[in-house]
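# Observations on the three-dimensional arrangement
So you can see what is in the structure, the chains are spelled out below.
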Amino acid sequence: MTVWDDLVGQEKVAGQLESAARDADALVTATVGGTPPPEASKMTHAWLFTGPPGAGRTQTARAFAAALQCVSPDRALGGTPGCGFCDGCHTALVGTHADVTTVAAVGSQILAEDMRDTVRKSYTSPANGRWQVILVEDAERLNEKSANAVLKAVEEPAPRTVWMLCAPSVEDVLPTIRSRCRHLNLLTPSVDAVADMLVRREGVEPAVAAAAARATQGHIDRARRLATDPAARERRATVLKLPLRVEEIGSALKAAQELVDAAAEDARQLAEERDGKESEELKAALGAVQGGRLPRGTAGVMKDLEDKQKRRRTRTQRDSLDVALTDLTGFYRDVLALQLGSRVAIANADAEDTLQRLARGSSPESTLRRIEAIAACRDALDRNVAPLLAVEAMTMALRAG
């Protein structure tokens, strides 16, 4: 199964990247063998992948990176780069390839200090791969200093370095950066395409796959999590009960507290193992003696790691809340569809009784106000408003209608 099979519902983009990977392979072969490079190459040094949440921007970029690093014997015989099985493809896909560097926002921004070593590495030749690939998952979170560092690297790239930037839209990236990138826009995969992927790749039962794909409206990562993780299904069921719990002020405030607590617990569980492993690895790298005592002068390095982990926990909590708010928005969208008599398929078919009850007991205008209240909560979280305050304001607005 090739790396292109992971691009759900993106056949056009996959075809463009496959052609670029062929030309990239020819460019490397020409450099090594001394033969002239192909004319009108579809390969370039910087790419910008955009698309709505769940379309698979990062997965698409990573599949392309794998194809660029492919070392399959079939490739040399005319096969398509990106076999999915060779060492180059496998390590690029799982994130362990020495020449594929991934940058993601730890907190709300990608700081210049987080980009410094990466930009420096972009000017070096590949260690053992065919290309030096820099993949920036959250390009929209580059702040002014880090964006300027990326701009300089993209303006004057090393001969075998490829930058891949992922963002929701071209407007989220500086015009000076996006003008130097080849832009590919991904579409939201259809519900049927996501369900088919869950059956083929994850071994999920067709009925469960269809329900997960429909509930997430084509969001690949969330559909996979919902179909394979019982805890995720339980959390979603709890969120969908919230509209019935906001009738009283006390219950509305309690529901807000429980929603924030659940997100904090998710962040704690994710961070517990990862943070401990990172701390131990850094201590070992710094030469900590038996008993955990650090050499003199290294306490600042550990403090920097702790600050980074704290920012990441905050980001994880807010991401978990955002998933819950997305589910809640979809719920009220279904209520509005029923109120307006729309023929749009109901995403939350498993909660149809509750949807019908709320549709009968309120007006379309109040449902729209509730959807706006959820959007306002998401905006407040993006502005670093305290999660509990933002969610409490939302639940009170949901109660008021």
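In this report, the structure presented in the accompanying data block is examined. (Residues numbered from 1 in each chain as written. Predicted model: local features only at pLDDT ≥ 70, side-chain atom pairs only at ≥ 80, totals over all residues. Heavy atoms only, no water.)

### Quick notes on the overall build of the protein
What the protein contains, in helices and strands, is 16 helices and five strands. Here the protein has a C-alpha radius of gyration of 24 Å; the compact-globule value for 401 residues is 21 Å, and the two agree. Each of the three principal axes of the protein carries a C-alpha extent, and together these read 75 × 60 × 40 Å. Of all 401 residues assigned to the protein, the portion counted as buried reaches 44%. Here the protein holds 52 positive side-chain charges and 55 negative ones, and the gap between their average locations is 2 Å. (Helix = DSSP H or I, 4+ residues; strand = E, 2+ residues; numbered from the N terminus. Rg over C-alpha atoms; globule rule 2.2 N^0.38 Å. Buried < 20%, exposed > 50% of the residue type's maximum accessible area, 1.4 Å probe, protein only. Lys, Arg positive; Asp, Glu negative; His and termini not counted. Charge placed at Lys NZ, Arg CZ, Asp CG, Glu CD.)

### Re the environment of Ser125
Mapped onto the elements, Ser125 comes out in the loop between α5 (112-122) and β3 (132-136). Distance in space between the C-alpha atoms of Ser125 and Asp25 is 16 Å, their sequence separation being 100 residues.

### Notes on the sheet that holds strand β1 (residues 46-50)
Spatially, five strands are ordered β2-β3-β4-β1-β5 in an open sheet, and the strand pairing comes out parallel. Single-partner strands in this sheet number two, and they are β2 (100-103) and β5 (182-185). Each strand of the sheet is rotated relative to its neighbour by a mean of 15°, with strand direction disregarded. Pairing geometry for β1 and β5, over four bridges, is parallel. Residue Trp47 lies in a different strand from β5, and its bridge partner there is Arg182. (Pairing = 2+ DSSP bridges. Axes fitted to C-alpha atoms, helices over the stretch in contact; angles between N-to-C directions.)

### Observations regarding helix α10 (residues 220-228)
All buried positions along α10 are accounted for by Ile220, Arg222, Ala223, Leu226 and Ala227. Along the long axis of α10, the arc covered by the buried residues comes to 165°, so they all point the same way. (Arc of directions from axis to C-beta.)

### So, unusual backbone geometry
Residues apart from glycine generally show negative phi values, whereas peptide bonds are mostly found in trans. The residue Gln217 is not glycine, and still its phi comes out positive at about 55°. With respect to the helices and strands, the residue Gln217 is situated in the loop between α9 (206-216) and α10. A residue is classified by how much of its surface remains accessible, and Gln217, at 35% relative accessible area, is partly exposed. Within the chain, Asn384 stands out as a residue other than glycine whose phi angle is a positive 65°. Mapped onto the elements, Asn384 comes out in the loop between α15 (364-382) and α16 (387-400). For Asn384, a relative accessible area of 47% corresponds to the partly exposed category.

### A word on the packing of aromatic side chains
Tallying each qualifying case throughout the model produces two aromatic pairs. With 5.6 Å between their ring centres and 90° between their planes, Phe331 and Tyr332 make a pair best called edge-to-face. Just as Phe331 is buried, Tyr332 falls in that class too. A cation over a ring is seen here: Arg182 above Trp47, with NZ or CZ 5.3 Å from the ring centre. (Phe/Tyr/Trp six-rings, centres within 6.5 Å; stacked < 30°, edge-to-face > 60°. Lys NZ or Arg CZ within 6 Å of the ring centre and 35° of its normal.)

### Details of the side chain of Asp99
Inspection of the secondary structure assignment puts Asp99 in the loop between α4 (87-94) and β2. Notably, Asp99 is buried but unbridged: the nearest opposite-charge side chain belongs to Lys121, and the N-O separation is 5.3 Å. Residue contacts for Asp99: discarding those within four places in its chain leaves Gln69, Pro126, Ala127, Asn128, Gly129, Trp131, Gln132 and Val133. (Salt bridge = Lys/Arg side-chain N within 4 Å of Asp/Glu carboxyl O. Contact = heavy atoms within 4.5 Å.)

### Observations regarding the environment of Arg383
Relative to the helices and strands, Arg383 resides in the loop between α15 and α16. Taking relative accessible area as the criterion, Arg383 reaches 58% and is therefore assigned exposed. Taking the C-alpha atoms as reference points, Arg383 and Val94, 289 residues apart in sequence, are found 33 Å from one another.

### Remarks on the nonpolar core
By size, the foremost hydrophobic cluster in this structure holds 35 residues, and its most contacted members are Trp47, Phe49, Phe64, Leu68 and Met164. Other than its neighbours up to four places away in sequence, Trp47 contacts Leu17, Ala20, Lys42, Phe64, Val162, Trp163, Met164, Leu165, Cys181, Arg182 and Leu184. In this structure, Val239, Leu242, Leu259 and Leu328 belong to the second largest nonpolar core, which totals 31 residues. (Core = buried A, V, L, I, M, F, W, Y, C linked by side-chain atoms within 4.5 Å.)

### So, the packing of α10 against helix α11 (residues 230-240)
It is at 5 Å that the axes of α10 and α11 come closest, and there the two elements cross at 105°. One way to sum up the angle between α10 and α11 is to call them roughly perpendicular. Along its contact with α10, which presents Arg225, Leu226, Ala227 and Thr228, the element α11 presents Pro230, Ala232, Arg233 and Arg236. (Parallel < 35°, antiparallel > 145°, perpendicular 65-115°, else oblique.)

### Thoughts on the pairing of β3
Among the five residues that make up β3, five are buried, leaving the element largely enclosed by the rest of the structure. The alternating pattern of β3 places Gln132, Ile134 and Val136 and Val133 and Leu135 on opposite faces, both of which are buried. Note that β2 and β3 share four bridges and pair parallel. Counterpart to Val100 in the pairing with β3 is Val133. Handedness of the crossover is the feature at issue here: the chain leaves β2, passes through α5, returns alongside β3, and the resulting connection is right-handed. (Right-handed = clockwise from strand over helix to strand, strands pointing away.)

### Focus on the state of the cysteines
Per the counting criterion, the structure on display carries zero disulfides. Of all cysteine sulfurs, the one in Cys86 lies closest to Cys89, which takes part in no disulfide; the gap is 3.6 Å. In this model Cys181 remains outside any disulfide bridge; the closest cysteine sulfur is found in Cys166, 11 Å from its own. (Disulfide = S-S within 2.5 Å.)

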